[in-house]
Amino acid sequence: MDDAKEKIDRLRKLLNEHNYNYYVLNAPVISDREFDEMMRELQELEEKYPEYTDPDSPTQRVGNDINRAFTQVEHRYPMLSLSNTYSMDEVEAFYERADSGLMGEPFDMVGELKYDGTSISLTYENGRLVRAVTRGDGVKGDDVTENIRTIKSIPLQLRGNDYPQNFEIRGEILMPWTVFEALNEERERQEEPLFANPRNAAAGTLKSQNSAVVASRSLDAYFYYLLGENLPCDDHYENLQRAKSWGFKISDAMRKLKSIQEVEEFIGYWDKNRKNLPVATDGIVFKVSSLRQQRNLGYTAKSPRWAIAYKFQAEQAVTRLNFVSYQVGRTGTVTPVANLDPVQLSGTVVKRASLHNDDIIQSLDLHIGDMVYVEKGGEIIPKITGVDMAARESNILLGEKVKFIKNCPECGTLLCRLEGEAAWFCPNERGCPPQIKGRIEHYISRRAMNIDGLGPETINLFYSLGLVRDVSDLYTLKMDQISSLERLGDKSAQNIITAIERSRDVPFERFLFALGIRYVGETVAKKLALAFHSLEALMNASLEELVQVDEIGERIGRSIISYFSDTENRALVERLKAFGVQTSVSEERLSGRSDKLSGKIIVISGTFSHHSRDEYKALIEQNGGKNSGSISGKTTYVLAGENMGPAKLEKARKLGIEILSEDDFLKMIGKY
Ligand code: IVH
């Protein structure tokens, strides 16, 4: 074997090891920077020696854009479901049935969490992942191997050497709560439909036709069932322990339970503690551990007799619907909100709940005064899941059927609904106050133009006084106009003026995002800026040109065209341009060069999170600065990451050298 191949193999092995430490054990032993450097080295070698390409290489876990429908694959062993119960009595009855089915022979039970995601069946041959299939109808499912390969906690190549040549392992694909919440926040900003819960989000993601999207969503997976001819042990619990040693994520919550008392305790413990888990669970699964005993107990038509799922009580309450109000968002979407008699629901008092859209109101046949079920599942906002129909007959407070409003609650304009969309919206973009104010709020927000010191209340004040009617008016504000306003005073007025001034230097891509074009979020804005370089080029782009850009589809393309074909929007951007906002990617940025650090001598120390040390060295040079290895009287700045050595820090302090954090430095070179 030649040197390159050896090096590639070594790096792959190391990276797999670190992936495992990070994603499965949650215990990384090297810094992200070291990991990234190793990954880059491997990428470079693989590019140089394409003959050693391997689909299982850790570099390949980034997904691709190939768009194809999934192939249907028949499961070797059908994917059965479990019988469900909500009551402890039924769990006891199950325990007794197992006991008598086994003719009094002693048996161990295994208690596991019931993960609430979407199930998957993986096939491994000779230690390599060869296929991943969704549950489908239990007999046939979709081949989603490409997507599954992007999930970092799923081993592509197993560890150790005691795994069977051929086996299947089943588990649950999950979207952690934090990822789910961030994803929905982003979708809310884009006014895209929200995922109802992490289960839907995980299932939706897994069926994405674009594995790069899957890779970006940070899914996770827990495994709970091993199948095959030559399994290591005749015991479910032991087999899963082995699977753990091969690199699978097996829940630490799994326990052997030796009596019905232990079963009860297990339920009691998780009923309370499941709320602290990073992923959603909807119950507990109990399984007879011995595979021989499992075979003895056998199956019914749909589910095994050796297992049962105890489901947690959904967090639900019943209360009265008093009235429905309507909220108008930044892009005019009208959202119905149920106003309720206050009710306790998992620790908080709920007074309002989302009704989502007209279709949902219709499907519930909702009436004012109805007793409704409110649930707080995975959702951020509680929602109405049903109506207590039995209570309706004797309901003397029952009022009219809820009819979605026809006119905008804010400006009175007749609402519209686009074909194929569930939402009603107010088309009066220019005259409807919450839309106008919403656009200004979006423009000034931190990730857009970052105009500090202006909150919704100040915007409201400026708007109601007629000082600001659109975002270009911000640039006409004068100190004396606003310092005399109630609650503002000189200092905050000055801060606002300075922040507005500074926003003229905000890079083009963020300005593009700030415009609030429907479907143009941060990522899309960045891609557009890099592809077209200037507002002018973007404004003149055709649909064909727009959809050429990575990740820009027809929906986004049409939205951009429609935004710029509006004469008022064109006039607005012209005004903004005249006020000096950045409407193109700077030469500096394109070439990555500037003289911002000219004459500065910089020492780098410690570890960093945004870029590697080498990247920082390159950035210093690109911006006209000089790197130096040691601190002396000539040093201008120390760029200090984490864990900077105390001796160095002391020396820098003594010499009065300015210490820059990573963020300070990136801001300094205009790269924040
Ligand atoms: S065992 C034949 N164990 O619940 C038994 N299932 O209704 C196969 N699930 O489709 C399933 N956590 O998607 C098992 N610890 C666990 C589970 C679990 C979640 C899901 C799985 C399955 C459904 C059963």
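Right, let's walk through the structure included here. None of the values given here were measured: they were computed from a predicted structure.

Analysis parameters
Residues numbered from 1 in each chain as written. Predicted model: local features only at pLDDT ≥ 70, side-chain atom pairs only at ≥ 80, totals over all residues. Heavy atoms only, no water. Near = heavy atom within 4 Å. Polar contact = N/O pair within 3.5 Å; in protein donor to acceptor, adjacent residues only side chain to side chain. Helix = DSSP H or I, 4+ residues; strand = E, 2+ residues; numbered from the N terminus. Nonpolar A, V, L, I, M, F, W, Y, C, P; charged D, E, K, R; others polar. Core = buried A, V, L, I, M, F, W, Y, C linked by side-chain atoms within 4.5 Å. Buried < 20%, exposed > 50% of the residue type's maximum accessible area, 1.4 Å probe, protein only. Contact = heavy atoms within 4.5 Å. Disulfide = S-S within 2.5 Å. Pairing = 2+ DSSP bridges. Axes fitted to C-alpha atoms, helices over the stretch in contact; angles between N-to-C directions. Phe/Tyr/Trp six-rings, centres within 6.5 Å; stacked < 30°, edge-to-face > 60°. Patch = residues over 30% accessible without salt bridge, like charges linked within 9 Å, V, L, I, M, F, W, Y side chains within 5 Å. Areas by Shrake-Rupley, 256 points an atom, 1.4 Å probe, with all protein chains shown as cover. Salt bridge = Lys/Arg side-chain N within 4 Å of Asp/Glu carboxyl O. Lys, Arg positive; Asp, Glu negative; His and termini not counted. Charge placed at Lys NZ, Arg CZ, Asp CG, Glu CD. Expected span 1.5 Å × (residues − 1).

### Notes on the site of the ligand
Part 1 of the reasoning: Close contacts around the ligand come from 13 residues, with Glu112, Leu113, Tyr115, Glu172 and Tyr224 the closest.
Part 2 of the reasoning: Tyr224 is positioned with one of its side-chain polar atoms (N or O) 3.2 Å from an oxygen atom of the ligand.
Part 3 of the reasoning: Of all the secondary structure elements, the ones that give two or more residues to the shell around the ligand are β3 (109–115), β8 (220–227) and β10 (281–288).
Part 4 of the reasoning: Residue contributions to the shell around the ligand peak at four residues, all from β3.
Part 5 of the reasoning: Here the residues of the shell around the ligand sort into seven nonpolar, two polar and four charged.

### Comments concerning the nonpolar core
Part 1 of the reasoning: The biggest cluster of nonpolar side chains holds 56 residues, and the ones touching the most others in it are Tyr443, Leu474, Ile482 and Leu528.
Part 2 of the reasoning: Mapped by element, the contributors of at least two residues to this core are α13 (433–444), α14 (456–464), α16 (489–502), α17 (508–514), α18 (522–532), α19 (535–539), α21 (554–564) and α22 (567–578).
Part 3 of the reasoning: Setting aside residues up to four positions removed in sequence, Ile482 forms contacts with Phe462, Leu467, Leu477, Leu488, Ala493, Ile496 and Ile497.

### Structural notes on the state of the cysteines
Linking two cysteines covalently through their sulfur atoms gives a disulfide.
Part 1 of the reasoning: Here the structure, examined in full by the defined rule, presents zero disulfides.
Part 2 of the reasoning: The thiol of Cys411 is unpaired, and the distance to the nearest cysteine sulfur, on Cys426, comes to 3.6 Å.

### Details of the sheet that holds strand β7 (residues 166–174)
Part 1 of the reasoning: The four strands are arranged β5-β4-β7-β8 in an open sheet whose pairing can be described as antiparallel. Each end of this open sheet is capped by a strand with a single partner; those strands are β5 (128–134) and β8. Each strand of the sheet is rotated relative to its neighbour by a mean of 30 degrees, with strand direction disregarded.
Part 2 of the reasoning: Sheet topology places β7 next to β8; seven bridges connect them, and they run antiparallel. Bridge pairing in β8 links Leu174 to Asp220.
Part 3 of the reasoning: The strands touched by helix α6 (residues 198–206) are β4 (118–125), β5 and β7; relative to β4, the strand with the most contacts, the crossing angle is about 45 degrees.

### Concerning the sheet that holds strand β19 (residues 601–605)
Sheet strands line up and pair through hydrogen bonds in the backbone, either parallel or antiparallel.
Part 1 of the reasoning: Here four strands make up an open sheet; going across it, the order is β20-β19-β21-β22 and the pairing parallel. Strands with a single pairing partner mark the edges of an open sheet, and in this sheet they are β20 (626–628) and β22 (658–660). With strand direction ignored, the average angle separating the axes of adjacent strands in the sheet is 35 degrees.
Part 2 of the reasoning: Here three bridges tie strand β21 (residues 637–640) to β22, and the two strands are oriented parallel to one another. The residue of β22 that forms the bridge with Val638 is Ile659.
Part 3 of the reasoning: Its contacts with the sheet put helix α24 (residues 613–622) on β19, β20 and β21, and the angle it makes with β19 is roughly 170 degrees.

### Let's talk about the packing of aromatic side chains
Part 1 of the reasoning: A full pass over the atoms with the stated rule returns 21 aromatic pairs.
Part 2 of the reasoning: A centroid spacing of 5.0 Å and a plane angle of 45 degrees characterise the contact between Tyr95 and Phe107, whose relative ring orientation is tilted. Residue Tyr95 is located in helix α3 (residues 88–101), and its partner Phe107 is located in the loop between α3 and β3; the two are separated by twelve residues in the primary sequence.
Part 3 of the reasoning: The class for Phe107 is buried, based on a relative accessible area of 9%.

### Side note on a negative patch on the surface
Part 1 of the reasoning: Residues Asp2, Asp3, Glu6 and Glu51 make up a contiguous surface patch of negative charge.
Part 2 of the reasoning: By the secondary structure assignment, Glu6 is in helix α1 (residues 3–24).

### Topic: the environment of Trp177
Part 1 of the reasoning: With respect to the helices and strands, the residue Trp177 is situated in helix α5 (residues 177–189).
Part 2 of the reasoning: Spatially, the C-alpha atom of Trp177 lies 33 Å from that of Asp54, the residues being 123 residues apart in sequence.

### Some details on the pattern of salt bridges
Part 1 of the reasoning: Summed over the entire model, instances satisfying the criterion amount to 38 salt bridges.
Part 2 of the reasoning: With a shortest N-O distance of 3.2 Å, Arg170 and Glu168 are connected by a salt bridge. In this pair, the class of Arg170 matches that of Glu168, namely buried.
Part 3 of the reasoning: Residue Glu551 pairs with Lys527 through a salt bridge whose shortest N-O separation is 3.4 Å. Separated by 24 residues along the polypeptide, Glu551 in the loop between α20 (543–548) and α21 and Lys527 in helix α18 bring together distant segments of the chain.
Part 4 of the reasoning: With relative accessibility at 47%, the residue Glu551 sits in the partly exposed group.
Part 5 of the reasoning: Residue Lys527 is classed as partly exposed on the basis of its relative accessible area of 25%.
Part 6 of the reasoning: One salt-bridge network, held together by shared partners, links Arg12, Glu46, Asp54, Asp56, Arg128 and Arg149.

### Some details on the side chain of Lys249
Part 1 of the reasoning: Tracing the backbone through its elements, the reader meets Lys249 in the loop between α8 (236–245) and β9 (255–257).
Part 2 of the reasoning: Within polar-contact distance, the side chain of Lys249 engages the side chain of Asp220 at 2.8 Å.

### A short note on α16
Part 1 of the reasoning: Over its 14 residues, α16 extends 20 Å from the first C-alpha to the last, a length consistent with the 20 Å expected when each residue adds 1.5 Å.
Part 2 of the reasoning: In this structure, the buried side of α16 is in contact with α14 and α15 (479–483).

### Some points on the side chain of Asn357
Part 1 of the reasoning: Along the chain, Asn357 falls in the loop between β14 (348–354) and α11 (358–364).
Part 2 of the reasoning: Beyond its immediate chain neighbours, meaning those up to four positions away, Asn357 contacts Pro336, Phe404 and Ala422.

Nothing here speaks to function; it is all geometry.
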